[in-house]
Number of protein chains: 2
Amino acid sequence: MSGAGHTSNQGQAPAGAWHPANAPDCVGWTSAKTVRIATAARPFRTELGGSVGPVDVEYETYGELSAARDNVVLIAHALSGDAHVAGWDADAKRTGRLWRMKKPGWWDAVVGPGKAIDTRKYFVVCANVLGGCCGATGPSSPNPFTGKPYSLQFPMVTVGDWVKQQAALLDELGIERLHAVVGGSLGGQQAIEWAMSRPDRVDRCIVLAATPRLSTQGLAFNAIGRRSIINDPDFKNGEYYGSAPPSSGLAAARMLAHITYLSEAGMREKFGRRAKDDVCPGCGFGIEFEVESYLDRQGRSFVERFDANSYLYITRAMDYYDAAEKWGGGSLEEAASRVSSRVMAVSFDSDWLYPPEGMKEFAQALARNGKPVTYINVPSRYGHDAFLVETETVSRLLRDFLSAENGGASIWGVRPVRRETAPAPQPQPSPAAVAREDDPPAFTSNGFLRWQDKVIIDEIPEGASVLDLGCGDGKLLSAISASKGARGQGVEIDIRAALDCVGRNAPVFHGDIENGLAGFPDDSFDYVVLEETLQTLRRPDEALRQMLRIGRRGIVSFPNFANYRVVHDLMTSGRMPVGGALPYQWHETPNIHLFTLNDFRDWAARSNVRIVKGYALVADGVVRKLSPSDNMYAEEILVVVEKTGPAPEYLI
Amino acid sequence: MSGAGHTSNQGQAPAGAWHPANAPDCVGWTSAKTVRIATAARPFRTELGGSVGPVDVEYETYGELSAARDNVVLIAHALSGDAHVAGWDADAKRTGRLWRMKKPGWWDAVVGPGKAIDTRKYFVVCANVLGGCCGATGPSSPNPFTGKPYSLQFPMVTVGDWVKQQAALLDELGIERLHAVVGGSLGGQQAIEWAMSRPDRVDRCIVLAATPRLSTQGLAFNAIGRRSIINDPDFKNGEYYGSAPPSSGLAAARMLAHITYLSEAGMREKFGRRAKDDVCPGCGFGIEFEVESYLDRQGRSFVERFDANSYLYITRAMDYYDAAEKWGGGSLEEAASRVSSRVMAVSFDSDWLYPPEGMKEFAQALARNGKPVTYINVPSRYGHDAFLVETETVSRLLRDFLSAENGGASIWGVRPVRRETAPAPQPQPSPAAVAREDDPPAFTSNGFLRWQDKVIIDEIPEGASVLDLGCGDGKLLSAISASKGARGQGVEIDIRAALDCVGRNAPVFHGDIENGLAGFPDDSFDYVVLEETLQTLRRPDEALRQMLRIGRRGIVSFPNFANYRVVHDLMTSGRMPVGGALPYQWHETPNIHLFTLNDFRDWAARSNVRIVKGYALVADGVVRKLSPSDNMYAEEILVVVEKTGPAPEYLI
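Since we're looking at a predicted model, the values are computed, not measured.

Draft legend 1. View of the interface of chain A and chain B. Each partner contributes residues to the interface: chain A has 83 residues there, and chain B has 83 residues. Overall, the association of chain A and chain B removes approximately 7,000 Å² of surface from exposure, summing both partners, and the carbon and sulfur fraction of that is 62%. It is A:Arg273, A:Phe285 and A:Trp586 that lose the most area in chain A upon contact with chain B, and together they represent 14% of the buried surface on that side. Along the contact surface separating chain A from chain B lie 12 salt bridges. Of the charged contacts, one joins B:Arg575 and A:Asp602 as a salt bridge, the two residues approaching to 2.3 Å between their closest N and O atoms. Among the secondary structure elements, those contributing two or more residues to the side of chain A that touches chain B are helix H4 (216-231), helix H5 (247-261), helix H6 (264-270), helix H7 (290-305), helix H8 (308-320), helix H19 (540-550), helix H20 (564-573) and helix H21 (597-606) of chain A. Considering every element that reaches the side of chain A that touches chain B, the biggest residue donor is H4(A), with 11 residues.

So, in structure tokens, the structure goes:
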């Protein structure tokens, strides 16, 4: 079944010479296969009402399909990509795709034996898209009714058509479910479409550098790119096959698109305002700056391998795709409700073609449906291209997310994440009951979890859902999951910590607690945790409000500034106390909103919040149930809170 | 001399009908004039070595030239602008500029009687640029050697050529000095060039939405715009005069440029992804989305009034301009050393064609030369177009900055700002001298200045230079200037406060203390003030370091957290103290790094900083010299500090 075949040198290099195709982490020499998914008699019906047949689809596969047929990773390619994802094309010379003799497939850095998408584990499939020009039926294919190329008689195609086409290919291959669908850019939109249109067939959906729809600016750039093709006198309303193609128009379109693939910072670093060496500056309107030369090269090389009509069709498909419109009547939240796969959404902070904001909206739409979500905004200077260039980070994310366990009790939830199936929260204890509750959990310092971690783990009932705000590297979430089978979701602003979460299989929303919580719906978690985080926030009151909007109960821990040692230190030294729960100097402390247990009690009373129970660290390693005197005695405090009616209650 | 003339209706509207030209704040009906600034015998020599003659320049003027000829405001127009800045063109029909019958000049909102550039006060001049097509000699003008239009035989032009051309026009008009030169976008680059190339002739330089050079991305967009013109088969190597011009290429170039004039947020708000009403969606590659239709209209209307060859020349001049390269051998700091005018640099935060970062670099380059600078980054959703659209803010800035007094003792400095002419700082007092120094200044509450303000004003010697970090609305700077004739410079992050500073004639750098101080050179101010600001910063230690890098002395005031009332409150209430110098609740306080006098003393000792003197607010309205016991007694503290050698000293 594998197209890679790891066959020996097929004439691409002199016999005996080493070739990168022979590297142990390369899939080797590849040969594409072709399958017919529709015929003239049974044509392919497009979403917009057209039909086309026959439809032949060229595809490549790498690795071996497992006996259970459960190790399939479908890769969806982007605008100018193709099915040749990895390895070296054994047929490049024969098929006239000479540019493939110079380099391996477009994602060779990521796909191969031992690489992030490990072809020793996964059976990788990628197919050329309908309407393209790289090996699937498209405008340059012969129209069976005329015998001439379709040109603009080819029906409009959509992202939905490509998913349908890929599904048909998988049917041919006898593949029912996907371990994962993965795509970047326009390929990322296909991954989104897979998750929404075929939730039954997708276990994991990985979207890179894409958004659920193209921005207005993106529409505008596409329009201008198409116009430069259509304005080219060689375009001839698309009927240019057999004569000179509209190369200058297509080149200009590609040049323009290339600007949108890079960030200004990246361009500045790469080219600056340097003039080419071999030009006379000030001589006219030719190529003088390096950036002009670079774009010119990009345009020239593109026209050698791409068909202008396909460029029109594919960019229009980019324009049209709108997941919210298609699946939610305009509501992305509604559309996201269809998704049942795990989703990892990865944006790149300098990408302005598919900006992080759009990906974040997608992640939030999933969160609004109570679905776990992993969203990472990777810092990069490479703009949209980053999904192809930031190989190290992307590989790490792919490897971790692909290998996460699927079934069983995991941090992703024991069962499909639906509110009605989540375990009911424990009944509210009466004030009297609190006093009788079991002793505080024994605190064992294991050098791994803070004392609060243990308390929190004991506090969370079996199977309850937990949102951890400021979740750090995900250790607590992992521990809760391991011991309680709870559904966990983290929010973390630090990228390194967020990447660690992905490695721990903890769903993490990489973003700011103070701006990123709007996506989580009211009462969508049993517990929301703010562990040693509140005092580091700019607007702690807003975080507390969000905590109790999202969660049925909140768990908050913080250093207590009224602790007698703190006050004593302040009085005797006349300096801001340093030590214990407050280990930082005044000018470098992340603790920017200090407060006391009494302050917190006041806030709770004002805010109709009941303190259900609490624990205090009263000395090194000594944790006890919170007592009324702990405004003075506690160094650190952990409280469990919940909303009450209008009349505030003091339970402690 | 005025071209406006406020003449009556000249046939543009039915006799007796009201016309906007008759509005009292409109300059009325305008007629351009033309002056010949070069002849075939004495041609205009261009910077890049070409020559052209004759050169005729069409220009407009509004208002009256004062007898002293000291009220001239020169406006420099942008790429697609022209000399018709304000009012209604009386000659539109006669000259065939029919589009001018529908609307007034391009900056009519800002220029007129009583408007920001008030034609009752100022004599306003604007000239069309050489190489353009709106009334100055350019590629469509006849080449005297051939009798045919120059086309691409026209020499390359530069921003420097335009300034030379404008200077020649001013010579013709008998104008020696400019009250101000004002320009936005490419016009802003002309304003920069004026300030650097003719510092002797410019009193004020106002730069809007421009940078000292175009970004790499800007170069790339220009290259693609020109390519679409050159690729147009009607272009014929520029020899299209007398036949159909390359309209589709020029329209495409304009469409592309228009994307760069808007922000994505602005585009989304205006057009979203809405489809036009009258199209069938999914039908092909025509205009389907509103944004496509908008750009199409922009392209169509532009080709009616603009010449494609001029577009090539002017965009290349945009590409070439690099103030740092031209005037500083690559160093913007060196180039900025030439500037002697006051500068107001205004960027717009969503402008990505001339991004704020570039304008900030320009402002910092001025600051690095010890020059006062006003830099404002206006929040706007309108992208680059904001300089034309944010009329209210731009008008306020223009009005305030233009009307600022020029000579005499002002906040801008009594004399040209050069370090060697600034008064030497007072001799360092010996420890004993400190104790004998005059009594603390009497504190008079005037409802206007804080107690520290009075102390600071008394502390600053006559004529000393002062940098006020977190200067707020500029009241303290104004007061220092009024009483001490000191050179003042503020830094303020809040836009409303920064605008107030401009209104008070206080140079203000609108930006972040924690990231924006790199532009100020070592030892460039006598005093740097951090008044009640340190405790609100994320990184107070870094601000202190910057303070003593930039200033010879620092003045710092802060609330003292060791004050006995504060500690007493904390002890008795068990809550964070609220009141006095610390009036905020724990969760909403801007004071995020609390500290005590002792903490500050420790920091000073560690940092080789000497506390020269200090004052304490010990009770409501009672200020006294700082005494050793004030770690306990002072509510608020003000200290004057300076760097010492390696051995720290305690003076108090």
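That covers the picture; the talk isn't over yet.
Draft legend 2. Structural context of unusual backbone geometry. Residues and elements named next belong to chain A. Of note, the amide linkage connecting Gly53 to Pro54 takes the cis form, showing an omega dihedral of 0°. By the secondary structure assignment, Pro54 is in the loop between strand S4 (51-52) and strand S5 (55-62). Phi is positive for Glu532, close to 50°, though the residue is something other than glycine. Examined against the element boundaries, Glu532 turns out to sit in the loop between strand S18 (525-531) and H19. Judged by relative accessible area, Glu532 falls into the buried class, the value being 16%.

Draft legend 3. Molecular detail of the nonpolar core. If you look at the biggest cluster of nonpolar residues, it comprises 272 residues, and the most contacted ones within it are A:Leu534, A:Phe600, B:Leu534 and B:Phe600. Those residues in contact with B:Leu534, other than ones at most four positions away along the chain, are A:Trp586, B:Pro540, B:Ala543, B:Leu544, B:Val556, B:Phe595 and B:Phe600.

Draft legend 4. Structural context of the pairing of strand S21 (residues 622-625) of chain B. Residues and elements named next belong to chain B. With 4 bridges connecting them, strand S20 (residues 609-619) and S21 associate as antiparallel partners. The partner of Leu617 across the bridge, within S21, is Val623. Between S20 and S21, which pair antiparallel in sequence order, lie 2 residues; one of them, Gly621, sits at a positive phi of approximately 85°.

Draft legend 5. The arrangement of the pattern of salt bridges in detail. Inspection of the entire model under this criterion finds 83 salt bridges over all chains. A:Lys326 is paired through a salt bridge with A:Glu47; the nearest N and O atoms lie 2.2 Å apart. With a gap of 279 residues between them, A:Lys326 in helix H9 (residues 323-328) and A:Glu47 in the loop between strand S3 (44-45) and S4 connect regions that are remote in the sequence. One continuous salt-bridge network, built from bridges that share partners, spans A:Arg226, A:Arg316, A:Asp319, B:Glu288 and B:Glu292.

Draft legend 6. Representation of the relation of the copies chain A and chain B within the structure. Superposition of chain A onto chain B requires a rotation of 180° combined with a translation of 0.0 Å along the rotation axis, giving an RMSD of 0.0 Å. The symmetry that links the two subunits is that of a two-fold axis. In terms of proximity to the rotation axis, the leading residue of chain A is A:Ile592, whose C-alpha is 2.2 Å off the axis. Comparing contact sets, 100% of the residues at the interface of chain A also lie at the interface in chain B, consistent with an isologous, same-surface contact.

Draft legend 7. Structural view of the packing of aromatic side chains. Residues and elements named next belong to chain B. Under the counting rule described, the total for this entry stands at 41 aromatic pairs over all chains. A centroid spacing of 5.8 Å and a plane angle of 75° characterise the contact between Phe221 and Trp352, whose relative ring orientation is edge-to-face. In this pair, Phe221 sits in helix H4 (residues 216-231) while Trp352 sits in the loop between strand S13 (342-348) and helix H11 (356-368), placing the two residues 131 residues apart along the sequence. Each member of the pair, Phe221 as well as Trp352, carries the same accessibility label: buried.

Draft legend 8. Fine view of the packing of helix H15 (residues 451-459) of chain B against helix H16 (residues 475-484) of chain B. Residue and element names in this part refer to chain B. Running from amino to carboxyl end, H15 crosses H16 at an angle of 35°, the nearest separation of the two axes being 10 Å. Judged by the sense of rotation from one axis to the other, the crossing of H15 with H16 is right-handed. Where H15 approaches H16, its residues Asp453, Ile456, Ile457 and Asp458 are matched on the opposing element by Leu476, Ala479, Ile480, Ser483 and Lys484. For the contact of H15 with H16, the residue count by class is 5 nonpolar, 1 polar and 3 charged.

Draft legend 9. Region of the structure containing H11(B). Helix length check: H11(B), at 13 residues, gives a terminal C-alpha distance of 18 Å against a target of 18 Å (1.5 Å per residue), a fit within 8%. Most of H11(B) sits out of view: 10 of its 13 residues are buried.

About the thresholds
- Residues numbered from 1 in each chain as written.
- Chains lettered and ligands numbered in written order.
- Predicted model: local features only at pLDDT ≥ 70, side-chain atom pairs only at ≥ 80, totals over all residues.
- Heavy atoms only, no water.
- Contact = heavy atoms within 4.5 Å.
- Buried area = accessible area lost by both parts, 1.4 Å probe.
- Salt bridge = Lys/Arg side-chain N within 4 Å of Asp/Glu carboxyl O.
- Helix = DSSP H or I, 4+ residues; strand = E, 2+ residues; numbered from the N terminus.
- Buried < 20%, exposed > 50% of the residue type's maximum accessible area, 1.4 Å probe, protein only.
- Core = buried A, V, L, I, M, F, W, Y, C linked by side-chain atoms within 4.5 Å.
- Pairing = 2+ DSSP bridges.
- Least-squares fit on C-alpha atoms with pLDDT ≥ 70 in both.
- Phe/Tyr/Trp six-rings, centres within 6.5 Å; stacked < 30°, edge-to-face > 60°.
- Axes fitted to C-alpha atoms, helices over the stretch in contact; angles between N-to-C directions.
- Left-handed = near helix turned anticlockwise from the far one by under 90°.
- Nonpolar A, V, L, I, M, F, W, Y, C, P; charged D, E, K, R; others polar.
- Expected span 1.5 Å × (residues − 1).

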